[in-house]
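# Residue-level structure breakdown
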Amino acid sequence: MTKLYSYQQRVFDHVMAGHNVIIQAPTGAGKTRAALYPFLYGLGENKQSGFGKLPRKCIYSVPMRVLAKQFFNEYDATTKKYNIEYGLDISKAIQTGDQAKDPELRSNLIFATIDQTLSSFLIAPYSLPRRKANINAAAVMGAYLVFDEFHLYDPISTLPTTLEMLKMLHGITPFVLMTATFSHDMLHGLAEILQAVVVPSDDDERRELELIPPQQKERRYFVAEQPLDATAILNRHQRRSLVICNTVARAQALYEALIGQSERSTTEVILLHSRFLREDRDSIEDTIISRFKDEGLSTIVVATQAIEVGVDISADVLHTELAPANAILQRAGRCARRQNERGTVIIYPQVINPADRSIIDLCDHPAPYVNQKEQFTATIMAFHERQGFVLGFRDEQDIISVVHEAADRKIIEELRSNSTDHCDKMYAVMDDLHQNKQDLIRNIFQQQVTIHPNPDVLKEAPFDAPSFSFHPSSLVAHVEEWLKRGNELDLDWQVKCLNPNKDDPDQTGRSYYEWKIVRTAKTIIGYPLIAVHPSLATYDRQRGFLATQGGEFDTRFNLPAPEKRQEGWSHFTYRLETYQTHIKLVHEAFVELWPEMADLAQRLERHFNWEKGSMLRATELAVLLHDVGKLSKGWQGWVQKYQASIGEPVDQGQAYAHTTFQTDEHEVHAKKVGKRPQHAVEGAVASIMVLHSVLGDHPLLYAAFSAIARHHAPHSHENQPFTLSVKAATWVKQTLAQIQRHNALDLTLVDSTQQPDLQAQSYIVLANDTTDYGMYKGGFLAYILIARILRLADQLGTNRGNLR
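Residues numbered from 1 in each chain as written. Predicted model: local features only at pLDDT ≥ 70, side-chain atom pairs only at ≥ 80, totals over all residues. Heavy atoms only, no water.

In the predicted model, the protein chain carries a mean pLDDT of 88, and 92% of its residues have values of at least 70. Low pLDDT, under 50, characterises residues 502–510; the stretch is placed with 3 contacts to residues that sit more than four places away or in other chains. (pLDDT = per-residue confidence, 0-100. Contact = heavy atoms within 4.5 Å.)

Below, the discussion takes up the sheet that holds strand S10 (residues 218–223). Across the sheet, which stays open at both edges, the 6 strands sit in the order S10-S15-S14-S11-S13-S12 with parallel pairing between neighbours. Since the sheet does not close on itself, it has two edges, and those belong to S10 and strand S12 (267–272), each with one partner. Mean inter-strand twist for the sheet, computed between neighbouring axes without regard to direction, equals 15°. Where S12 and strand S13 (residues 298–303) come together, 6 bridges link them in parallel fashion. Residue pairing across strands places Ile270 opposite Val301, the latter belonging to S13. Against the sheet, helix H13 (residues 325–332) touches S10, strand S11 (240–244), strand S14 (317–321) and strand S15 (342–348), its axis set at about 155° to S14. With respect to the sheet, helix H14 (residues 373–384) is in contact with S10 and S15, its orientation differing from that of S10 by roughly 115°. (Pairing = 2+ DSSP bridges. Helix = DSSP H or I, 4+ residues; strand = E, 2+ residues; numbered from the N terminus. Axes fitted to C-alpha atoms, helices over the stretch in contact; angles between N-to-C directions.)

For H14, with 12 residues, the first-to-last C-alpha span of 17 Å sits near the 16 Å given by 1.5 Å per residue. Every buried residue belonging to H14 is among Gln375, Phe376, Thr379, Ile380, Ala382 and Phe383, and all of these are buried. Across the axial projection of H14, the buried residues extend over an arc of 160°, all falling on one side. Buried residues along H14 sit against S10, H13, S15 and helix H15 (393–417). (Expected span 1.5 Å × (residues − 1). Buried < 20%, exposed > 50% of the residue type's maximum accessible area, 1.4 Å probe, protein only. Arc of directions from axis to C-beta.)

A few words on the pattern of salt bridges. Scanning the entire structure with this criterion turns up 39 salt bridges. One salt bridge connects Glu164 with Lys167, and the closest N-O pair in it is separated by 3.3 Å. On the criterion of helical spacing, the pair formed by Glu164 and Lys167 is a turn pair, its members being 3 residues apart in helix H7 (residues 158–168). We classify Glu164 as buried; its relative accessible area is 5%. A residue is classified by how much of its surface remains accessible, and Lys167, at 29% relative accessible area, is partly exposed. (Salt bridge = Lys/Arg side-chain N within 4 Å of Asp/Glu carboxyl O.)

We now examine the packing of helix H21 (residues 633–645) against helix H22 (residues 664–673). Taken N-terminus to C-terminus, the directions of H21 and H22 make an angle of 135°; their axes are 9 Å apart at the nearest point. One way to sum up the angle between H21 and H22 is to call them oblique. For H21 against H22, the interelement crossing comes out right-handed. Together, Trp638, Lys641, Tyr642 and Ser645 of H21 and His666, His669, Ala670 and Val673 of H22 make up the contact between the two elements. Here the contact of H21 with H22 is built from residues that sort into 4 nonpolar, 3 polar and 1 charged. (Parallel < 35°, antiparallel > 145°, perpendicular 65-115°, else oblique. Left-handed = near helix turned anticlockwise from the far one by under 90°. Nonpolar A, V, L, I, M, F, W, Y, C, P; charged D, E, K, R; others polar.)

Judged by pairing direction, the sheet is parallel, and its 7 strands sit side by side in the order S5-S6-S4-S7-S8-S1-S9 without closing on themselves. Each edge of the sheet is formed by a strand with only one pairing partner; in this case those strands are strand S5 (92–95) and strand S9 (197–199). The mean inter-strand angle of the sheet, taken between neighbouring strand axes irrespective of direction, is 15°. Pairing of S5 with strand S6 (residues 109–113), which is carried by 4 bridges, proceeds in the parallel orientation. Paired with Ile94 across the strands is Phe111, a residue of S6.

Bringing empty space enclosed by the protein into the picture now. In this structure the tally under the stated criterion is 2 cavities of 30 Å³ or more. Volume-wise, the second largest cavity comes out at about 30 Å³. Lining of the second largest cavity is provided by Ile451, Pro534, Ala537, Thr538, Tyr539, Glu552, Phe553, Asp554 and Phe557. When grouped by side-chain class, the residues that make up the lining of the second largest cavity number 6 nonpolar, 1 polar and 2 charged. (1 Å grid on protein atoms, 1.4 Å probe; cavity = no way out; pocket = protein on both sides within 12 Å on 5 of 7 lines; lining within 4 Å. Points joined across faces, edges and corners; volume = space filled by probe spheres on them.)

Now for the packing of aromatic side chains. Scanning the entire structure with this criterion turns up 23 aromatic pairs. Through a chain of ring-to-ring contacts, the aromatic side chains of Phe468, Phe470, Trp482, Tyr539, Phe545 and Phe557 assemble into a single cluster. Of note, Arg275 hangs over the ring of Phe470, and the distance from its end group to the ring centre comes to 3.7 Å. In this arrangement the basic side chain of Lys496 is found over the ring face of Trp493, its NZ or CZ atom lying 4.9 Å from the centre. (Phe/Tyr/Trp six-rings, centres within 6.5 Å; stacked < 30°, edge-to-face > 60°. Lys NZ or Arg CZ within 6 Å of the ring centre and 35° of its normal.)

Judged by nonpolar contacts, the single largest core of 121 residues is most densely connected at Met141, Phe147, Met165, Leu604, Met615 and Leu785. The biggest single contributor to this core is helix H19 (residues 579–608), with 13 residues. Among all residues touching Leu785, those that are not within four sequence positions of it are Ala138, Met141, Trp594, Met597, Leu600, Ala601, Leu604, Met615 and Thr619. With 85 residues, the next largest nonpolar core counts Val66, Leu322, Leu391 and Leu483 among its residues. (Core = buried A, V, L, I, M, F, W, Y, C linked by side-chain atoms within 4.5 Å.)

Its place among the elements puts Leu781 in helix H27 (residues 775–803). Along the backbone, Leu781 and Leu766 are 15 residues apart, and their C-alpha atoms lie at a distance of 10.0 Å.

Further remarks concern the environment of Leu415. The topology assignment puts Leu415 in helix H15. For Leu415 and Arg337, which are 78 residues apart along the polypeptide, the C-alpha to C-alpha distance reads 34 Å. Residues within four places of Leu415 in sequence aside, it is in contact with Leu159, Pro160, Leu163, Glu164, Leu190 and Ile193.

Here's what the structure looks like:
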């Protein structure tokens, strides 16, 4: 293993000492290795740290999908090397909206978008259906968390939610934050809020960082006097030129101008922005990377902010429209990126308006960087003062501090003053109190646009159709133009908006959608999905979404082909299974799964001063008792009626956990017999005395109770009246004897006839519960750990039962 740079060694030492770390280092300095080395070392050597054993799971969060893909590919070879050298089996996955390879966060090393990480912790995961929402929170809590490109997190939603989550998990979950472009005030403000250390910590360490081999390169900055156009680009072109525009429209216009120039006969011009279909964007990125590596090829790439991060290329010349200083320096990381390279960065305060060829002064019109006019002016002044200079890491940090410090101070002040309110909003999402989770994860309102000649065919799953994001203001302008051109073409409709009819759900429980014809442009605001007729807008593999011209319909905008279902079979299938067999299989699965959470359980015990082994005891009890609610007269009676109706009667002296349910005919019989009685919350109520006899009046009592109550629905909190079978305690005792666990338990089970006033809601832990027995940072965190193990074990045990 190559020796660590001194700053990487300091990060490693801090993590091993139990400190959380904020890394600020320039692009190409090896931040990713600095963050991941402690985790990989801990896996390989099983070393102790200040957190105890380092977690065996790492969730590496990034703000953009393209970054997750890049790091996943980059660390493929690294994990393979560790597996070979240390005899490990490191599983690796990518988890993003369009590449959901690990929705339950089971792998050791997971590269995820920040949306996936935060939604999982908030018990509202984007990766799982609502009924499974409480599976992932403990995976986040139990991981070593890395947050890269932290400066790109939205300061209104993503940033405060991340900070509040880390404050909630302080002392339990180790983390590293990484950035290249934060001001000094922002860095030290975040460090104070999170009680973390900053690396590098002072000017001497920053000077030392400039001397590492990857930073031995030269990047010279200029401010252009002329507007950005094709001639300016071609005049400075050597072999690898990169052009970054602030809008898709200007990038597309510049691309068209470049491919029209005869001088570029041996030069390939490539366009990249956010409005390509994923398969085309992946192909374009691969082509760019390949061509930039080939010394014999001449390439000009025209892009938007989509290329600022995640595409590992190094240009000779970077032409960039004026943007805030932190964005300029982020873009500059794609120029002279490698050791000993020399590059030129040219900043253009003026651009050409593609609509009428007029000149736009970006200091006066900074869109899409709304409300950042002051930063634009300060940025151009800072670079004018350094015209022609070679800038190193410390020079770049000085510029960032000059331009962004005032705004960053305001952000830090708002983070502090809004902390309580933001926590309350997080608690509301975690407790399912109708708070909009998008407001906490990525509060950047965008509307989606798709192209289709007959959008009615998309009604079944409209959001599965390919679409592109637009800011509402720019979309309104496009819609106005589409309506005008559509009238000239005498189309039956030009634009339609999707309207979910919430009052008329279909029999599957999904929303029923209808399309409304748009008559005036402003009426589209607020609708989640817009369809435009292909006669008005089209798609091209080299140019992406084209808003100003129509064309042939690309059939890839149809819905993806649904998975074929075996004829005559229901989606969910079960085999008849006794209560004893099911609990035995779930317990076996629990024994296999527990090592994933064992270290986290110990961290919780140390953090809250709980008895050693108490988390294991509470979790195992929840596993063993989770289906006691099925031992009610109502539930077992339903089983007997249903099994008789399908011609497979059961032994009435036996208890059953699952019925035969495999064909569409079985589904018909189930509906005729009537709805099955509920059992999850009822099982928790029935087991309360048993839990109390083992755990006492302790946060873990409420954690285990909540996990049992919510092992099918993550926000259940009320029980229905129920009466247990007279044999219920006997069946549980026989099951425990067979498993040889807790044979001496006091099996005092209760039901509605014995305890009519016992309300489940009194024992459910809430995210904001601060009572002596609920304690958010005790009972609730223990609950999400127990819930993960119980639900995964129940899932695995049930699947094995179906295969018997």
